[in-house]
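Now for the letters of each chain:
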Amino acid sequence: MVKGFGRMTLNFKYPFSVVGTTAGASIQCGDDPVYVWEHGLERYSKPWELAPDMVAELEGIEVIGGVDAFGRRVPIKRIVPVISGNDIGENISINEHMAPALRDGPNDPSYPFRDRLACINFGKALLMGGGANTTSIKMGPSDTLNFKIEFPTVAHGGDAVINSDLEIKAHIAFAKGADQMLNALRSSPVAEVATAAANNQIRQYEVLGDLEISDVIAPQVIDRSVPATMDWWSSLNMGLNADDPQIKRIITYTKNNQPTTPNQEMEMVRDGQYVQVPFQNFRWTATEKKFYRFTHVGVIPHRNMFQVKFDNGNSRYPMIFNCEPNDNPFVMPQQSLVADIRRGGPTELPRAYTLMKGIGSVKVTDNGVSIPAWAAGVRGFEIALWGYEYTLQ
Amino acid sequence: MAFALFPIGAVGLSTVEGVSAYWVRLPTGSKPIRDIYTAGVPAATDGKGAVMMALGVLDSLVIDDCEDAWDEDVPANFTVSLDTTDKVVGTSSVKVDIAAAAVAGTILCEVVAPGTALPKFTHLEFWIKCSIATTAGDFKIHLDDTAKCANAIEVLNVPALAANTWTHVRLALATPQLDSAIISLGLEYDVDIGACTVHLDDFRAVRLATVATPLQVSQFVQDDVYFALSEAVDSAYHQNALMLVYYTSPDEDPTCSN
């Protein structure tokens with residue numbers, strides 16, 4: 001069998017200028033013959049499929065386009081990986097602002113999810129020296145990879161007609177052949193990974209604690225090892241058969257579906273329809289088994305926006321940030337207008353927003369003038385979060 | 001400081017971000033607007049806000065102020081009077097009642113100041129209102145250096161008019177170099193459109209030149225490319241218009257965090 005090891009990019013192309021779509025639509029590669037993935041001279045209108053003796057990790061994606069005739073990025077409701085036909089986007093909802101092209105403009109090493117030329121916004125691959133806690137998306141032998149693009153309705157600020165091209169550049173690390181996989185893991189600079197691999201194990205390891213509430217809940221350990229064979233690959237974090245304890249990547253955003261009441265906090269929850277759709281619910285209940293940690297934030301504020309609070313039921317001192325157009329600490333990786341400056345977001349929080357055994361939510365306050373809800377031709381605010389969900393055994 | 005220079009046509013009311021205003025959109029590729037001067041009308045040389053450069057009236061000469069009824073030649077089926085209530089400029093306008101029996105091609109004339117010289121002017125402007133809608137050329141304006149517009153030098157088509165609406169008309173003079181001694185001004189009923197009433201006011205020759213007109217910006221969408229003017233721009237009276245806009249974009253705002 002041919003062996004192989006390395007990184008590759010697959011370009012999933014959606015030439016909507018050729019075959020367009022409409023507001024509210026959901027599109028995948030293969031839905032039309034013009035929607036294809038490309039790698040070198042390979043070009044197919046179907047999902048990408050791993051060889052039977054191959055494992056791979058989706059480390060990250062870049063979203064390139066679409067841009068309308070006026071230089072505005074076409075609104076996207078959700079881009080999500082589809083592994084072997086399964087939408088794995090429980091916590092993944094990437095829109096047009098959240099996954100910029102790494103080479104769109106000057107080389108920007110400050111972009112936080114970057115490893116050399118690879119985009120690693122899901123996580124740096126285990127095969128490439130990623131940590132034992134990585135949340136790269138694992139694909140086992142014969143799994144397939146596709147991407148689903150959902151567009152918002154006009155009522156939620158979407159474009160009625162989508163006719164400009166969109167491309168998703170998928171960054172993949174792969175090993176073809178069991179010994180290649182094992183050699184890569186044994187060569188990892190991460191001690192937990194390399195040591196386990198030396199014993200023919202794949203180990204996932206993370207310690208999660210929060211000093212502020214260490215008297216309430218001690219640091220918790222996620223430690224799971226599986227045999228270092230290809231059959232077990234998809235049971236790792238973010239694999240189709242991932243098992244507890246596990247870590248899931250969160251990349252998502254929220255938009256207000258109600259106008260704010262001046263000078264009052266708006267909690268970004270689905271109850272009461274304060275957000276547009278359920279996945280935008282920014283209220284979490286951390287139990288003794290399930291924790292959350294958010295590390296990066298991006299905000300496109302409305303001009304009437306004043307403050308963002310990361311509320312934490314266990315803390316009397318929640319993180320609060322002024323967040324106005326003139327003073328926005330949380331830059332979104334991409335702005336709505338192509339001509340706007342490239343700002344290198346998202347911003348890493350000064351201290352991770354950690355929820356353990358408690359309830360937390362994101363709350364927004366205006367500057368005394370109401371922020372309107374998103375509607376056709378009207379924009380509110382947008383908050384994106386990058387983080388992790390931890391589930392214990 | 002960012003700026004944008006772009007051609008602009010008519011600016012009417014439109015809705016952006018749910019607000020109805022006289023919105024203007026910067027051209028594709030422009031930096032977004034972080035801030036722009038909205039405190040008032042800037043001076044044209046202030047370098048802030050919006051300035052429109054367009055053909056405008058540099059100077060003008062009144063040919064007939066329509067403060068007395070036209071009477072050089074009042075043809076049959078025409079009744080001319082002064083209307084002191086329905087007028088635009090001054091204390092009255094000239095009201096012309098045209099009966100159904102009026103014949104196409106008939107000309108109503110008025111004496112203008114002897115030897116009015118127009119060579120330095122480029123256009124004729126006036127106000128007109130008709131009780132019924134007309135199409136371009138139904139009425140014509142004559143200028144002549146012979147009495148009663150007997151052999152008109154200038155014959156200018158009045159554009160289409162909406163019924164019962166005062167319209168400010170600007171017509172390019174065809175041969176201003178020959179208009180050196182105008183003595184007669186005429187309104188020709190060139191097409192038989194039936195009975196109607198026409199009001200006329202304030203005929204003047206004007207010279208157009210490119211002028212810079214500062215405009216007030218009333219509001220803008222922050223970090224976007226829309227700003228609104230405090231009033232409409234009528235492309236018919238701001239010909240070949242260019243708009244120059246000065247503003248601050250996000251990447252040069254000293255308070256910007258990144």
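Note that the structure is a prediction, hence the values are computed from the model and not measured.

The subject of this paragraph is the overall build of chain A. Broken down by element type, chain A carries 2 helices and 26 strands. Its C-alpha radius of gyration of 21 Å places chain A within 12% of the 21 Å reference for a compact globule of 393 residues. Across its three principal axes, chain A shows a C-alpha extent of roughly 65 × 60 × 35 Å. Looking at chain A as a whole, 48% of its 393 residues qualify as buried. Nonlocal contacts in chain A, meaning residues at least 24 apart in sequence, comprise 73% of its contacts between residues at least 6 apart.

Let us look at the domain arrangement of chain A. Residue and element names in this part refer to chain A. Its domain assignment divides chain A into domain 1 (4-176), domain 2 (178-243) and domain 3 (248-391). Taken together, the contact pairs 9 residues of domain 2 with 10 residues of domain 3. For the side of domain 2 that touches domain 3, the residue count by class is 6 nonpolar, 1 polar and 2 charged.

The next thing to look at is the interface of chain B and chain A. Taken together, the contact pairs 18 residues of chain B with 19 residues of chain A. A per-class count over the side of chain B that touches chain A returns 4 nonpolar, 9 polar and 5 charged.

Moving on, we get to the domain arrangement of chain B. Taken domain by domain, chain B consists of domain 1 (2-40 + 216-252) and domain 2 (59-209). Averaged C-alpha coordinates put domain 1 of chain B and domain 2 of chain B at centres separated by 37 Å.

This brings us to the nonpolar core. Nonpolar side chains in soluble globular proteins tend to end up buried together. Core analysis: the largest hydrophobic core is formed by 102 residues, its most contacted members being Val55 and Val299 of chain A. The biggest single contributor to this core is strand E15 (residues 166-176) of chain A, with 7 residues. Beyond its immediate stretch of four places on either side in the chain, Val299 of chain A contacts Val308, Cys323, Asn328, Phe330, Met332, Phe381, Glu382 and Ile383 of chain A. By size, the runner-up hydrophobic cluster in this structure holds 36 residues, among which are Trp70, Ile98, Ile107 and Leu200 of chain B.

Here the focus is the environment of Thr134 of chain B. All names here are of chain B. Examined against the element boundaries, Thr134 turns out to sit in the loop between strand E8 (123-130) and strand E9 (139-144). The spacing of Thr134 and Lys148 is 14 residues in sequence and 25 Å in space, taken between C-alpha atoms. Those residues in contact with Thr134, other than ones at most four positions away along the chain, are Phe139, Ala160, Leu161 and Ile193.

Sheets are built from strands paired through backbone hydrogen bonds, the pairs being either parallel or antiparallel. Residues and elements named next belong to chain A. As summarised here, the arrangement of the 6 strands in space is E5-E4-E1-E15-E7-E12, forming an open sheet in which the pairing is antiparallel. Two strands lie at the open edges of the sheet, namely strand E5 (42-44) and strand E12 (137-139), each paired on one side alone. Each strand of the sheet is rotated relative to its neighbour by a mean of 25°, with strand direction disregarded.

All names here are of chain A. With respect to the helices, strands and loops of the structure, Ala101 is situated in the loop between strand E9 (86-87) and strand E10 (114-115). For Ala101, a count of 16 C-beta atoms within 10 Å puts it in the partly exposed group. Counting along the chain gives 232 residues from Ala101 to Pro333, while the straight-line C-alpha distance between them is 9.6 Å. In this structure, Ala101 is in contact with Glu62 and Ile64, ignoring residues within four places of it in sequence.

As a further point, take the sheet that holds strand E14 (residues 217-220) of chain B. All names here are of chain B. Strands sit in the order E2-E3-E15-E14 across an open sheet of 4 strands; the sheet is antiparallel. Across the chains shown, the open sheet's two edge strands, defined by having one partner strand only, are strand E2 (14-16) and E14. If you compare each strand with its neighbour and ignore which way they point, the axes differ by 60° on average. In terms of strand pairing, strand E3 (residues 19-25) meets strand E15 (residues 226-229) through 4 bridges, oriented antiparallel. The partner of Trp23 across the bridge, within E15, is Ala228.

For the rest of this paragraph, the subject is the environment of Ala133 of chain B. Within the secondary structure, Ala133 of chain B sits in the loop between E8 and E9. For Ala133 of chain B and Val245 of chain B, which are 112 residues apart along the polypeptide, the C-alpha to C-alpha distance reads 38 Å.

Residue Gly66 of chain A follows Gly65 of chain A across a cis peptide bond; omega there is -10°. Inspection of the secondary structure puts Gly66 of chain A in the loop between strand E7 (54-65) and strand E8 (78-83). Cis geometry marks the peptide bond from Asp244 of chain A to Pro245 of chain A; its omega dihedral reads -5°. The backbone of Asn77 of chain B sits at a positive phi, close to 70°, despite the residue not being glycine. Its location among the elements puts Asn77 of chain B in the loop between strand E4 (49-64) and strand E5 (78-83). For Asn77 of chain B, a count of 15 C-beta atoms within 10 Å translates into the label partly exposed. Positive phi values are uncommon outside glycine, yet Asp202 of chain B reaches one of about 55°. Position of Asp202 of chain B relative to the elements: it lies in strand E13 (residues 196-215).

Mean pLDDT over chain B stands at 93; residues scoring 70 or higher make up 98%. Interface scoring of the predicted complex returns ipTM 0.84; its pTM is 0.85.

Procedures and definitions
- Within each chain, residues carry numbers counting from 1 in the order of the written sequence.
- Labels are handed out in written order, letters beginning with A for the chains and numbers beginning with 1 for the ligands.
- Only residues with pLDDT of 70 or above have their local features reported here, since the model is predicted, and side-chain atom pairs are shown and tallied only from 80 upward, although totals for entire chains, interfaces and linings are computed over all residues.
- The secondary structure listing takes helices from DSSP runs of H or I that are at least 4 residues long and strands from runs of E that are at least 2 residues long, numbered from the N terminus.
- Radius of gyration means the value over C-alpha atoms here, while the globule rule gives 2.2 Å times the residue count to the 0.38 power.
- Backbone-placed C-beta atoms define the burial measure: a residue is buried with 20 or more other C-beta atoms within 10 Å of its own, exposed with 12 or fewer, and partly exposed in between.
- Residues are scored as being in contact if the C-beta atoms we place from backbone atoms lie within 7 Å.
- The start and end points of each domain follow an automatic or database-based domain assignment.
- Polar here means any residue outside two lists: the nonpolar Ala, Val, Leu, Ile, Met, Phe, Trp, Tyr, Cys and Pro, and the charged Asp, Glu, Lys and Arg; Gly therefore counts as polar.
- Note on terminology: a nonpolar core is any set of buried Ala, Val, Leu, Ile, Met, Phe, Trp, Tyr and Cys residues joined through C-beta atoms within 7 Å.
- For two strands to pair, DSSP has to find at least two bridges joining them.
- Note on definitions: angles span 0 to 180 degrees between N-to-C directions of axes, and those axes are lines fitted to C-alpha atoms, for helices only across the stretch in contact.
- Residue-level confidence of the predictor is what pLDDT reports, using numbers from 0 through 100.

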